[in-house]
Amino acid sequence: MAKFVALLGALSLFGFGFAAERKPTVADALKNVRVLAVPTNGRPVDRTVADEFRRDLAPQAEIETPGQAGRNEKGVMRIAIADEEFLAGPSPDALRESGGKGWMFLKLAPDGSGELTTSAPHLLYALYSLLKEDWLGLDAAGFENGKVVVPRFSRLEGGDNYLANPKRVAAGYDAERSVRELARLGFSHVPVNALAKDTPAEQGPPGEIYYRFYYFSPDLDQFVETPLNAGAYSPEYLEANLALLKENARLAVKYGLTPGLNISSPRSVPDAVLEKYPYLRGARVDHPFRSYRPRFTLTLSHPAVRWHYAELMRRLMREVPELGYIYLWTNDSGSGFEYTASLYAGRNGGAYLVREWKSHEAIAKAAADNVLRYFRTLRDAAAETRPDFRLLFNLFSFSNEEEFILDGLTEKLDLWVAPKELDDSPRGRRLKSLPEKGSEIFTTTRLQNNYLLGIPSPWLAAEEVRGLQAAGFDEAQVTVDPEPLAPYDVNRDVLRALNFDAGADVDAVVAAAASRLVGKSGVPALVKAWRLCDTAVRGFPSIMLYGDNNWGFPWYRLLVRPFAPDIERIPEAERAYYEKYMTVTFNNPNLVDLGTDILWTLMTRDQADAVVAQADRATWKPLDEAIGVLGDAVQGMKGNARAVFVDQFDRLRALRCYFRTLRNTAAWVAGVHGYIETKDPAEKDRRLALVRAMVDDEIGNARALAALFESSKTRFMPVDPTGETFNMYGTNLPELIRRKVALMEKHRNDEPRIDPDFMWRLPPDSGLDPKAYIKY
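Residues numbered from 1 in each chain as written. Predicted model: local features only at pLDDT ≥ 70, side-chain atom pairs only at ≥ 80, totals over all residues. Heavy atoms only, no water.

When helices and strands are tallied, the chain shows 25 helices and 20 strands. For 776 residues, the compact-globule estimate of 2.2 N^0.38 gives 28 Å, and the C-alpha radius of gyration of the chain, at 29 Å, lies within 12% of that figure. With the C-alpha coordinates aligned to their principal axes, the bounding extent of the chain is approximately 110 × 70 × 50 Å. A total of 776 residues make up the chain; the buried ones form 57% of that total. Considering only contacts within the chain whose residues lie at least 6 apart along the sequence, 76% involve residues at least 24 apart. Counting every atom, the chain has about 32,200 Å² of accessible surface; 53% of that belongs to carbon and sulfur. (Helix = DSSP H or I, 4+ residues; strand = E, 2+ residues; numbered from the N terminus. Rg over C-alpha atoms; globule rule 2.2 N^0.38 Å. Buried < 20%, exposed > 50% of the residue type's maximum accessible area, 1.4 Å probe, protein only. Contact = heavy atoms within 4.5 Å. Areas by Shrake-Rupley, 256 points an atom, 1.4 Å probe, with all protein chains shown as cover.)

Here is the structure:
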């Protein structure tokens with residue numbers, strides 16, 4: 001018997017195994033591919049996929065452009081968007097099962113012949129990624145008759161908050177890598193318009209900060225011009241913006257995505273244009289508190305102006321015919337429509353739309369008609385080049401005009417709504433009926449922190465995605481962190497899994513992502529840390545303007561401004577290092593009161609108390625435990641696994657600093673306002689103790705952030721390598737933090753105080769002492 005066992009062992013050693021024969025895998029079949037066939041007149045994404053396919057999966061193959069003959073020829077893998085002349089495609093039964101939605105189809109025979117095809121360009125790279133990352137080890141027999149995948153979202157607009165944003169210059173950002181990742185996830189559309197220069201062309205009087213609102217969402221006239229506004233912007237400025245737009249659009253098309261525009265429109269025009277055409281002046285659209293000079297649009301009620309915008313659209317489409325949509329944001333950031341109620345300066349406009357003494361309803365209807373006419377003007381002009389062009393907007397800016405706008409919507413004018421708006425109320429039912437008119441409904445969510453990069457909360461991300469699915473949304477805009485700056489982001493893995501398999505087990509997806517990143521031995525620690533971080537993120541409260549959007553936090557310089565009990569007691573010269581980059585005017589109360597911004601109350605004392613209590617109750621315990629788990633793992637790991645754990649360790653430490661700064665912002669409001677408002681001595685003492693504790697906590701927290709920033713190689717926040725801006729911190733952040741700490745130490749024991757009349761002061765050079773006029 002022993003001799004027989006020995007004989008079996010010897011035979012096995014030389015390849016004569018007696019175990020069940022191993023089934024050929026997809027990877028085995030791909031070894032037989034000898035030709036990667038793409039259409040002669042195909043799309044750029046066909047070649048993108050073929051090139052990567054050859055590089056990574058079939059280096060023995062050649063890329064060719066054969067005709068219809070040899071469709072099933074041995075060793076020929078055909079790559080293309082659905083094309084009956086070039087591809088067989090899925091069976092009619094499989095297409096019926098897709099429910100008329102988009103589909104992805106892979107057919108692969110043992111001899112290497114087959115098809116890699118999709119219903120739409122944006123899915124081709126996603127299908128290739130599934131093959132490369134998920135299917136190589138599967139039984140090849142499962143693909144002989146073809147495998148069909150139906151994505152959950154028919155339209156998924158991808159935003160990374162960098163490509164079409166001033167943050168595109170952040171250290172480490174790579175536009176192509178980010179777009180490639182969006183394609184991998186199954187995104188279909190991506191905004192591509194951004195300014196190429198360091199500053200917008202819009203400027204203002206000395207000391208005015210309103211130009212900063214023009215960094216974002218540049219309008220059509222920032223890329224091309226017509227005879228009506230010729231010379232308003234320098235040719236160098238327009239050419240640079242257009243060149244960047246073309247390059248971003250090229251990247252989108254390379255990976256099969258539809259490039260589009262995210263614009264604030266109609267935006268104000270330079271004074272020189274209105275000086276030439278004073279009778280074409282439209283609405284005043286600036287914010288009176290944030291600007292020193294009024295800004296006006298052109299009046300859209302004049303046919304010459306409508307021609308101008310139609311011509312801008314035509315010229316832009318001729319330059320970049322790949323553009324497929326516009327998302328239009330308005331009545332903000334120097335843009336707006338005449339006589340709409342939400343204009344910062346109130347209802348106003350040009351000479352041709354509304355005469356005097358009309359009723360509120362009549363004005364609202366006229367304003368709505370003007371809005372709709374503009375939407376149709378842009379849509380129709382773009383459709384001359386691309387018939388399927390669509391325009392998307394939201395009702396946020398049109399609450400008083402909503403009824404008339406909803407009545408007038410027509411095909412390819414699509415509406416953004418929040419998921420909760422699609423309820424069973426009369427309004428909700430009306431919104432849900434819009435697709436019957438050819439107006440699609442669209443929503444948005446984000447699967448990332450508003451400021452930091454790569455913060456893992458995969459189960460929360462899954463709830464967000466499934467919430468959209470449960471609400472019936474087939475079209476959505478989803479913001480994810482850019483892959484170059486957050487290479488190990490598990491939230492993106494969750495989105496990808498649920499997009500391609502709505503029933504995917506999230507725990508299994510998370511575990512698989514962890515295994516891929518750190519190997520089997522590291523999975524328990526990494527998944528545990530992610531689960532704890534997910535809990536901490538859920539537990540942290542809303543901090544309104546400071547924490548609930550992606551621009552409020554840097555605009556108010558919370559990382560570097562001192563949280564002193566009486567900010568105004570710090571001399572102006574010592575505050576200048578951070579105030580010059582704040583998005584505030586000299587008399588904005590936010591300079592001395594973290595609870596206000598212009599006429600807004602950002603947090604009341606009671607709200608601030610609740611924020612502090614919730615953060616302390618629900619955030620620090622799980623977050624500190626997660627950091628501890630990662631810290632221990634760093635010590636026990638080597639190689640790539642250790643690099644991943646270090647990355648996650650640094651990001652969660654950064655998250656703790658960020659959350660504590662936000663928590664201490666609320667503690668400042670709770671302590672300082674509470675101290676000022678109360679008359680009770682015991683309560684005054686309690687509030688003063690809260691202020692002192694807040695100062696001490698923020699000093700320690702700021703030091704921790706400075707040390708992390710200087711020691712870490714992880715890109716956990718956007719940093720402008722060329723220098724500090726209002727939108728991003730620079731490489732000098734630790735130096736500024738140390739100035740913050742020094743000022744807080746110096747002023748720790750000041751009595752809490754806020755000047756209630758701060759808003760009424762004039763600049764120092766006005767020659768007027770506030771004491772002379774404040775009583776009036």
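From this point, the discussion proceeds with the structure in view.
What follows covers helix α22 (residues 639–677). End to end, α22 covers 57 Å across 39 residues, agreeing with the expected 57 Å (1.5 Å per residue, within 8%). By the criterion of burial, α22 is predominantly enclosed, with 30 of the 39 residues buried. (Expected span 1.5 Å × (residues − 1).)

Direction vectors running N to C along helix α13 (residues 458–470) and helix α16 (residues 523–539) enclose 60°, while the axes themselves pass 7 Å from each other. Between α13 and α16, the angle falls in the class oblique. Across from Pro-458, Trp-459, Leu-460 and Glu-463 in α13, the residues of α16 making contact are Val-527, Trp-530, Arg-531, Asp-534, Val-537 and Arg-538. Residue composition of the contact of α13 with α16, grouped by class: six nonpolar, no polar and four charged. (Axes fitted to C-alpha atoms, helices over the stretch in contact; angles between N-to-C directions. Parallel < 35°, antiparallel > 145°, perpendicular 65-115°, else oblique. Nonpolar A, V, L, I, M, F, W, Y, C, P; charged D, E, K, R; others polar.)

Our focus in this paragraph is unusual backbone geometry. Cis rather than trans, the peptide bond between Ser-265 and Pro-266 has omega equal to -10°. Relative to the helices and strands, Pro-266 resides in the loop between β9 (258–264) and α8 (271–276). Unlike most non-glycine residues, Asn-161 shows phi in positive territory, near 65°. On the secondary structure map, Asn-161 appears in the loop between β7 (155–159) and α6 (175–185). Even without being a glycine, Ser-217 presents a positive backbone phi close to 50°. Relative to the elements of secondary structure, Ser-217 occurs in the loop between β8 (189–191) and α7 (235–254).

Relative to the elements of secondary structure, Thr-714 occurs in the loop between α23 (681–711) and β19 (719–720). Excluding residues that lie within four positions of it along the chain, Thr-714 makes contacts with Val-646, Asp-647, Asp-650 and Arg-651.

A few words now on the nonpolar core. Core analysis: the largest hydrophobic core is formed by 222 residues, its most contacted members being Phe-53, Ile-79, Leu-116, Met-313, Phe-375 and Met-717. Setting aside residues up to four positions removed in sequence, Ile-79 forms contacts with Leu-36, Ala-37, Val-38, Pro-39, Asp-46, Val-49, Ala-50, Phe-53, Phe-86, Leu-116 and Leu-124. (Core = buried A, V, L, I, M, F, W, Y, C linked by side-chain atoms within 4.5 Å.)

Strands sit in the order β2-β1-β3-β5-β4-β6 across an open sheet of six strands; the sheet is mixed. Taken across any chain shown, the strands that pair with only one partner, and hence form the sheet edges, are β2 (62–64) and β6 (147–149). Recorded for the sheet is a direction-independent mean angle of 15° between the axes of neighbouring strands. One ladder, built from five bridges, connects strand β4 (residues 104–108) with strand β5 (residues 114–118); its direction is antiparallel. Bridge pairing links Phe-105 to Thr-117 in β5. The sheet contacts of helix α3 (residues 44–56) involve β1 (35–37), β2, β3 (76–81) and β5, and relative to β3 the element is tilted by about 145°. (Pairing = 2+ DSSP bridges.)

All told, the structure shown has five cavities of 30 Å³ or more when counted by the stated rule. In this model, the largest cavity occupies a volume close to 100 Å³. Surrounding the largest cavity, 13 residues form its lining, Glu-202, Tyr-214, Gln-222, Tyr-233 and Arg-267 being those nearest its centre. For the lining of the largest cavity, the per-class residue count stands at seven nonpolar, two polar and four charged. (1 Å grid on protein atoms, 1.4 Å probe; cavity = no way out; pocket = protein on both sides within 12 Å on 5 of 7 lines; lining within 4 Å. Points joined across faces, edges and corners; volume = space filled by probe spheres on them.)

Before going further, it helps to examine the packing of helix α15 (residues 506–518) against α16. Axis separation between α15 and α16 bottoms out at 9 Å; the angle between their running directions is 125°. By the criterion of interaxial angle, the relationship of α15 to α16 is oblique. When the axes of α15 and α16 are compared, the crossing they make is right-handed. Between α15 and α16, the residues in contact are Asp-507, Val-510, Ala-511, Ala-513, Ala-514, Ser-515, Leu-517 and Val-518 and Val-523, Leu-526, Val-527, Trp-530 and Arg-531, respectively. Split by residue class, the contact of α15 with α16 holds 10 nonpolar, one polar and two charged. (Left-handed = near helix turned anticlockwise from the far one by under 90°.)

Summary statistics for the chain give a mean pLDDT of 93 and a share of 95% for residues scoring 70 or more. Within the model, the stretch residues 1–19 combines pLDDT values under 50 with five contacts to residues more than four positions away or in other chains. (pLDDT = per-residue confidence, 0-100.)

Two cysteines joined by a covalent bond between their sulfur atoms form a disulfide. In the structure shown here, the tally under the stated rule is zero disulfides. Cysteine Cys-533 is unpaired, with the sulfur of Cys-657 as its nearest cysteine sulfur at 13 Å. Classification of Cys-657 as buried rests on a relative accessible area of 6%. (Disulfide = S-S within 2.5 Å.)

On to the pattern of salt bridges, then. This model, assessed by the stated rule, comprises 70 salt bridges. The shortest N-O distance in the salt bridge between Arg-34 and Glu-73 comes to 2.7 Å. Taken as a pair, Arg-34 in the loop between α2 (26–30) and β1 and Glu-73 in the loop between β2 and β3 lie far apart in primary sequence, 39 residues in all. You can call Arg-34 partly exposed: its relative accessible area is 41%. Between Arg-516 and Asp-493 there is a salt bridge; the shortest N-O distance is 3.3 Å. Linking Arg-516 in helix α15 with Asp-493 in helix α14 (residues 490–500), this pair joins segments that are 23 residues apart in sequence. Each member of the salt-bridge network shares a partner with another, and the members are Glu-133, Asp-134, Glu-181, Arg-184, Asp-489, Arg-492, Asp-493, Arg-496 and Arg-516. (Salt bridge = Lys/Arg side-chain N within 4 Å of Asp/Glu carboxyl O.)

What follows covers the pairing of strand β12 (residues 325–329). Side chains on a regular strand alternate between the two faces of the sheet. Burial within β12 is extensive, with four of its five residues counted as buried. Both β9 and β12 contribute to a ladder of five bridges, which runs parallel. Its bridge partner being in β12, Ile-263 is matched across the sheet by Leu-328. As defined by bridge partners, β12 adjoins strand β13 (residues 390–394) across four bridges and the pair is classed as parallel. Bridging from a neighbouring strand, Ile-326 pairs with Leu-391 of β13.

The next point concerns the packing of aromatic side chains. Applying the stated rule across the entire model yields 32 aromatic pairs. Pairing Phe-375 with Phe-393 gives two aromatic rings, centres 4.7 Å apart and planes at 45°, and the pair type is tilted. Of the two residues, Phe-375 sits in helix α10 (residues 360–383) while Phe-393 sits in strand β13, which places them 18 residues apart along the sequence. Neither residue differs from the other here; Phe-375 and Phe-393 are each classed as buried. Seen in terms of ring centroids, Tyr-577 and Tyr-578 are 5.1 Å apart; in terms of plane orientation they differ by 80°. Their pairing is edge-to-face. One exposure class covers both Tyr-577 and Tyr-578, and it is buried. By way of ring pairs, the aromatic residues Tyr-210, Phe-213, Tyr-214, Tyr-215, Phe-216, Trp-551, Trp-555 and Phe-726 are connected into one cluster. Here the basic side chain of Arg-531 rests over the ring of Trp-459, its NZ or CZ set 3.7 Å away from the ring centre. Note that Arg-557 overlies the ring of Tyr-729, its terminal NZ or CZ placed 4.2 Å from the centroid. (Phe/Tyr/Trp six-rings, centres within 6.5 Å; stacked < 30°, edge-to-face > 60°. Lys NZ or Arg CZ within 6 Å of the ring centre and 35° of its normal.)

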